[in-house]
Amino acid sequence: INWPNLIKGIVDGYTNNGASITHATQKDGIQNSVDAFDPLKPDEHHIKISLVMDSGSNLLIFEDFGTFGLTGRVLGDEDMKRDLPVEERWGRFENLAFTKDTEEKTLGARGQGKFMLLAASDKMKFSEKGTEVDTNDRPFMLYDTLRADGVYRLGLRTVETTRSPIHYWEGEEARQQLKTQTDGILEPIDHVGTRVIIPDVRKEIVRAIKDDKYSDMISTTWFPLLRDNPLMISIVYGEKGKIVMPDKRLLEIPSKDTSEIKVWKSKKALTFNKTKYGLKLHIAALSYESEIASEEIRHVGIYRSGMRVMSLKNKHIPPEIMDRIYGYVEVDDKVEKALRVVEDPTHYKFDLSKGLPKKLASHIENELMAFAKKKLGLHQNEEDR
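Bear in mind that the values here come from a model prediction, so they are computed numbers and not experimental data.

Time to look at the overall build of the protein chain. Check the secondary structure of the protein chain and you find 13 helices and 17 strands. Taken over 385 residues, the protein chain has a buried fraction of 54%. Of all intrachain contacts in the protein chain linking residues separated by at least 6 positions in sequence, the fraction that spans at least 24 positions is 65%. With an accessible surface of roughly 18,200 Å², the protein chain has 48% of that area assigned to carbon and sulfur atoms.

With that settled, consider the packing of helix 11 (residues 333-341) against helix 12 (residues 355-375). One way to put it is that helix 11 packs onto helix 12 with a least axis distance of 8 Å and a crossing angle of 115 degrees. Here helix 11 lies roughly perpendicular to helix 12, going by the angle between them. In this structure, the crossing between helix 11 and helix 12 has a hand that is left-handed. Touching Lys-334, Val-335, Ala-338 and Leu-339 of helix 11 are Leu-356, Pro-357 and Leu-360, all from helix 12.

On to the environment of Val-300. Note on placement: Val-300 falls in strand 15 (residues 299-304). With near-sequence residues (within four places) excluded, Val-300 lies in contact with Leu-281, Ile-283, Arg-308, Met-310, Ser-311, Leu-312, Gly-327, Tyr-328, Val-329, Ile-364 and Leu-368.

So, on to the sheet that holds strand 15. Read across the open sheet, the five strands follow the order 11-14-17-15-16; overall the sheet is mixed. Here the strands that pair on one side only, and so sit at the sheet edges, are strand 11 (261-266) and strand 16 (307-312). The mean inter-strand angle of the sheet, taken between neighbouring strand axes irrespective of direction, is 20 degrees. Here strand 14 (residues 279-286) pairs with strand 17 (residues 325-331) via seven bridges, running antiparallel. Its bridge partner being in strand 17, Ala-285 is matched across the sheet by Ile-325.

One finds Ile-49, Tyr-214 and Ile-218 to be the most contacted residues of the largest nonpolar core, which totals 83 residues. Sort the elements by how many residues they give to this core and helix 12 lands first, with eight residues. Ile-61, Leu-146, Tyr-152 and Ala-174 belong to the second largest nonpolar core, which has 13 residues in total.

What follows concerns the pattern of salt bridges. If charged atoms from side chains of opposite charge come close, those side chains can pair. According to the stated counting rule, one finds 17 salt bridges in the structure shown. For Glu-204, the salt bridge identified is with Arg-202, shortest N-O distance 3.9 Å. The partly exposed category is assigned to Glu-204, whose relative accessible area is 30%. For the salt bridge of Lys-242 with Asp-212, the shortest nitrogen-to-oxygen distance reads 3.8 Å. Residue Lys-242 is found in strand 10 (residues 240-243), and its partner Asp-212 is found in the loop between helix 6 (203-210) and helix 7 (213-221); the two are separated by 30 residues along the sequence. Put simply, Arg-227, Asp-228 and Glu-330 are held in one network by salt bridges that share partners.

What follows is about helix 11. Three- or four-residue spacings in an α-helix give side chains the same orientation, since the helix completes a turn every 3.6 residues. Listed in full, the buried residues belonging to helix 11 are Val-335, Glu-336, Ala-338, Leu-339 and Arg-340. Looking at the buried residues of helix 11, the elements they touch are strand 13 (275-277), strand 15, strand 17 and helix 12. N-capping of helix 11 is provided by Asp-332, with a side-chain oxygen placed 3.1 Å from the backbone N of Lys-334.

Although it is not a glycine, Asp-183 sits at a positive phi angle of roughly 55 degrees. Relative to the helices and strands, Asp-183 resides in the loop between helix 5 (171-181) and strand 8 (193-199). Of note, His-347 is a non-glycine position whose phi angle comes to about 70 degrees, a positive value. Along the polypeptide, His-347 turns up in the loop between helix 11 and helix 12.

About the criteria used
- Residues numbered from 1 in each chain as written.
- Predicted model: local features only at pLDDT ≥ 70, side-chain atom pairs only at ≥ 80, totals over all residues.
- Heavy atoms only, no water.
- Helix = DSSP H or I, 4+ residues; strand = E, 2+ residues; numbered from the N terminus.
- Buried < 20%, exposed > 50% of the residue type's maximum accessible area, 1.4 Å probe, protein only.
- Contact = heavy atoms within 4.5 Å.
- Areas by Shrake-Rupley, 256 points an atom, 1.4 Å probe, with all protein chains shown as cover.
- Axes fitted to C-alpha atoms, helices over the stretch in contact; angles between N-to-C directions.
- Parallel < 35°, antiparallel > 145°, perpendicular 65-115°, else oblique.
- Left-handed = near helix turned anticlockwise from the far one by under 90°.
- Pairing = 2+ DSSP bridges.
- Core = buried A, V, L, I, M, F, W, Y, C linked by side-chain atoms within 4.5 Å.
- Salt bridge = Lys/Arg side-chain N within 4 Å of Asp/Glu carboxyl O.
- Polar contact = N/O pair within 3.5 Å; in protein donor to acceptor, adjacent residues only side chain to side chain.

See the structure below:
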């Protein structure tokens, strides 16, 4: 396997869906932790993102609380020929394209996100000429965990041309290795949970954290999660720390029309194969034709398990009207289950071409058309042009 090309292919899968490495890093880094939340510890659920800069080096850290940690064994080749039960979290984190039951409520599909995180390191160089890697002894990614049984384990992954070696240590040896690999900057994780540590993080990610763009990405991507759990995610940089708040524009969609915003809210049930499914539409439009909605919230966001996967528009509505519309849809567990099956491995797209997902798309498009006609001045001749 040409590992740099494999990772470049994974990155291309994201960028072809319109995602930057910076955006994908926050999405997959947080998703890893959301997957691992222990339902018996809801009051402890929290994700801390830290940027640690020391003596010219920098570390991007995703640390979770109220999770199981990376439970399970360090797996061998034979283990990968069988299904990986959910308890084998260490093996699932380390490996790509593992067999997995789509009935599970975790977000991860094929393990690609963990490899996307490797691309967050500046040691991975992408250019028109191809992909190069810095093959010195510094790791591309570290991950440590403290489990409920008291086991402390550290993992390390590097990337070379034809292989991607993995190393691990446990107990005191792991603690010493962590100090060695981070130049003494980090102490072992001290609570049940997991940390993903990316050394030499890309400069564009550092800039995004410093100027709050990273926080803005999270506030939209994880809007329902933050709305329902306002202390869920924090970002720490140097002496500065902040709680990431839910996107204010989505949070403050008014309950009725104002002079600046037209509103369309619907709780109309979705009917498919004689079964009714619950959903809630929260759609707004800027009233003035000269204004368009910001790209990150534009059109109707479809969220699954608290994560924005894609947005949907009605192609029959002219752009000067459609691009003023923003909002989101909330669906019930049964619709989420159907969406999970048709979700792209990058978590940036659903296949809405058949079955219940197609019916959902059609429902949203019909509601958008009704909104445009009744409140936004769309006339029949504009619809047909």
